[in-house]
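# Understanding the architecture of this molecule
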Amino acid sequence: MIERVFITGIGAVTPVGLNAVDSWSNLKKGESGIGPITSFDTDGFETTIAAEIPSFDPERHVSKKQARRMDRFVQLGAVAALEAIQDSGLKIDDSNSDRVSVMVASGIGGIITLSEQIEVLNDRGPNRVSPFLVPMMLPDMASGQISMLLGAKGPNYSTVSACASGSDTIGMAFEAIRRGDVDAAITGGAEAAICPVGVAGFNACQALSKRNDDPKGASRPFDAERDGFVLGEGAGVIVLENQSSMEKRGGTPIAEMVGYGATADAHHITQPGPEGEGGARAMKRALNQAKVHPDELSYINAHGTSTPLNDKFETMAIKNVMGEKAFTTPISSTKSMTGHLLGASGALEAVITIMSISDQVAPPTINLTNADPDCDLDYTPNRAQNHTIDIAMTNSFGFGGHNASIIFKKLI
């Protein structure tokens, strides 16, 4: 028997809030977390803006020693995971530790630590490189450190599929619970790539917005004047739990996860497949697994990067899957406010989608002021809207042609 899978806890650290509740409150208000980069000197850079997290202090949650042995992406993931597990009320001890998995993704890993230690190598020589370089830069280390913090001894790994990483990892955790491999999973994504080589690299492939004189208006998904995404940092983590485990301990569900679909474009290293056909197939797979007809979808949190091809092709994919229903289904791109969290984007947007169901609110796509004829759906422009949201989908598409879609359902 395949068990139902419920979300029993959520956590987030984002450019618009240091926890899930504050982040959600500010997203509903349409507040942007994008501004001038403060973490390094941007002189000479084409892009000088990003969605940084101000006032983040990991030592409020973990010891100074632990924090110093974590790259920033791990710190963000650990704090989000601690919030999610507290929210869920799930206690991990000898009775269940080997049945609790940790699967927290990162698309980039510890690029800040790596770039800093390359400078140490070049300036001071190989003997001065930190012994913690390798464990701090590994993309799996958010999962590893979180399992140590919580004592979770079930399957532990990180999926890397670029900007689909967070969604794919949640999907794999969902499948592991359905198979009966584990009873619960702490799952999501974490990313922190706002550093000189990160920004320069994305500039080099012409992916970032250069609207430096208008940071809060720079991320404008589906708008005719969009010119690239804005790099963001943060983490989103959820606790997934099977029905038996949840009911046995008296846990309280927030929503139910019912579908996951993943595909490949097999097309191009950075551009999405023609007309979004790969994304459409991922959406269809998720709907089929969930046994949900497209007409039953009541909200979509789009990948919506604010890049010309992605937004156009995602719009085409949604029309492909939903037909005429696409024109009456509310859609949001919350990247307009958070920026693009790369491998953590799908995880954060899963948290946002769950809260959309919980509150029955579609958050806005801000900065949508000039209609693009190729993007002609209801993207919830500029103001949050109250809606009946029974079944919601979130999409994530990544460099390399990775596509992932997840479906959540309101509790009945």
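Here is a short report on the structure shown in this document. The structure presented is a predicted model; accordingly, all values stated were derived computationally and were not measured.

About the thresholds
- Residues numbered from 1 in each chain as written.
- Predicted model: local features only at pLDDT ≥ 70, side-chain atom pairs only at ≥ 80, totals over all residues.
- Heavy atoms only, no water.
- Helix = DSSP H or I, 4+ residues; strand = E, 2+ residues; numbered from the N terminus.
- Rg over C-alpha atoms; globule rule 2.2 N^0.38 Å.
- Buried < 20%, exposed > 50% of the residue type's maximum accessible area, 1.4 Å probe, protein only.
- Contact = heavy atoms within 4.5 Å.
- Areas by Shrake-Rupley, 256 points an atom, 1.4 Å probe, with all protein chains shown as cover.
- Lys, Arg positive; Asp, Glu negative; His and termini not counted.
- Charge placed at Lys NZ, Arg CZ, Asp CG, Glu CD.
- Patch = residues over 30% accessible without salt bridge, like charges linked within 9 Å, V, L, I, M, F, W, Y side chains within 5 Å.
- Salt bridge = Lys/Arg side-chain N within 4 Å of Asp/Glu carboxyl O.
- Core = buried A, V, L, I, M, F, W, Y, C linked by side-chain atoms within 4.5 Å.
- Axes fitted to C-alpha atoms, helices over the stretch in contact; angles between N-to-C directions.
- Parallel < 35°, antiparallel > 145°, perpendicular 65-115°, else oblique.
- Nonpolar A, V, L, I, M, F, W, Y, C, P; charged D, E, K, R; others polar.
- Pairing = 2+ DSSP bridges.

## Notes on the overall build of the chain
Within the chain, the regular secondary structure consists of 13 helices and 14 strands. Relative to the 2.2 N^0.38 estimate, which gives 22 Å for 412 residues, the radius of gyration of the chain is 20 Å and therefore close to what a compact globule would have. With the C-alpha coordinates of the chain rotated into their principal frame, the extents come out at 65 × 55 × 40 Å. With 412 residues in all, the chain has 60% of them scored as buried. Considering only intrachain contacts with a sequence separation of at least 6, the fraction spanning at least 24 residues in the chain is 78%. Accessible surface, the chain: about 15900 Å² in total, of which carbon and sulfur atoms supply 50%. A distance of 4 Å separates the average location of the 34 positive side-chain charges in the chain from that of its 48 negative side-chain charges.

## Section: a positive patch on the surface
Taken together, K64, K65, R68 and R69 make up a surface patch of like positive charges. Checked against the element boundaries, R68 lands in helix α2 (residues 64-68). On the accessibility criterion, R68 (64% relative accessible area) is exposed.

## What to know about the nonpolar core
As a rule of thumb, nonpolar side chains are buried together in soluble globular proteins. In terms of nonpolar packing, the biggest core is built from 46 residues, with I92, I146, I186 and L231 touching the most fellow members. Of all the secondary structure elements, the ones that give two or more residues to this core are α3 (72-88), β4 (100-105), α4 (111-124), α6 (141-150), β6 (184-191), α8 (196-204) and β7 (234-242). Setting aside anything within four residues of it in sequence, one finds L231 in contact with A50, A51, A193, I194, V199, F202, L208, H340 and L342. Core analysis: the next-biggest nonpolar cluster, separate from the first, contains 42 residues, V16, A176, L341 and I354 among them.

## Regarding the packing of helix α1 (residues 20-28) against helix α13 (residues 345-359)
The axes of two packed helices give the description: the angle between them and the distance between them. Interaxial distance between α1 and α13 falls to 11 Å at its minimum, and their mutual angle equals 75°. For the element pair α1 / α13, the angle class is roughly perpendicular. Together, A20, V21, W24, L27 and K28 of α1 and I352, M355, S356 and D359 of α13 make up the contact between the two elements. Residue composition of the contact of α1 with α13, by class: six nonpolar, one polar and two charged.

## Brief notes about the sheet that holds β7
Read from one edge to the other, the open sheet built from 10 strands follows the order β5-β4-β6-β7-β1-β8-β14-β13-β9-β10, with strand pairing classed as mixed. Each edge of the open sheet is held by one strand with a lone partner, namely β5 (156-157) and β10 (331-332). Where α3 meets the sheet, it contacts β1 (5-13), β6 and β7, and its direction lies at approximately 135° from that of β1. Sheet contacts for α6: β4, β5 and β6; angle to β4, the most-contacted strand, approximately 145°.

## Some remarks on the pairing of strand β13 (residues 391-398)
For β13, the buried fraction is high: eight of the eight residues fall into the buried class. Residues of β13 alternate between two faces, with I391, M393, N395 and F397 on one and A392, T394, S396 and G398 on the opposite face, all of them buried. As judged from the three bridges shared by strand β9 (residues 299-301) and β13, these two strands associate in the parallel manner. Each residue of the ladder has a partner; that of I300, found in β13, is M393. Sheet topology note: the β13/strand β14 (residues 402-409) ladder contains eight bridges and is antiparallel. Residue pairing for β14: F397 is matched across the bridge by N403. The antiparallel hairpin formed by β13 and β14 contains three residues in its connecting segment, where G400 sits at a positive phi of about 95°.

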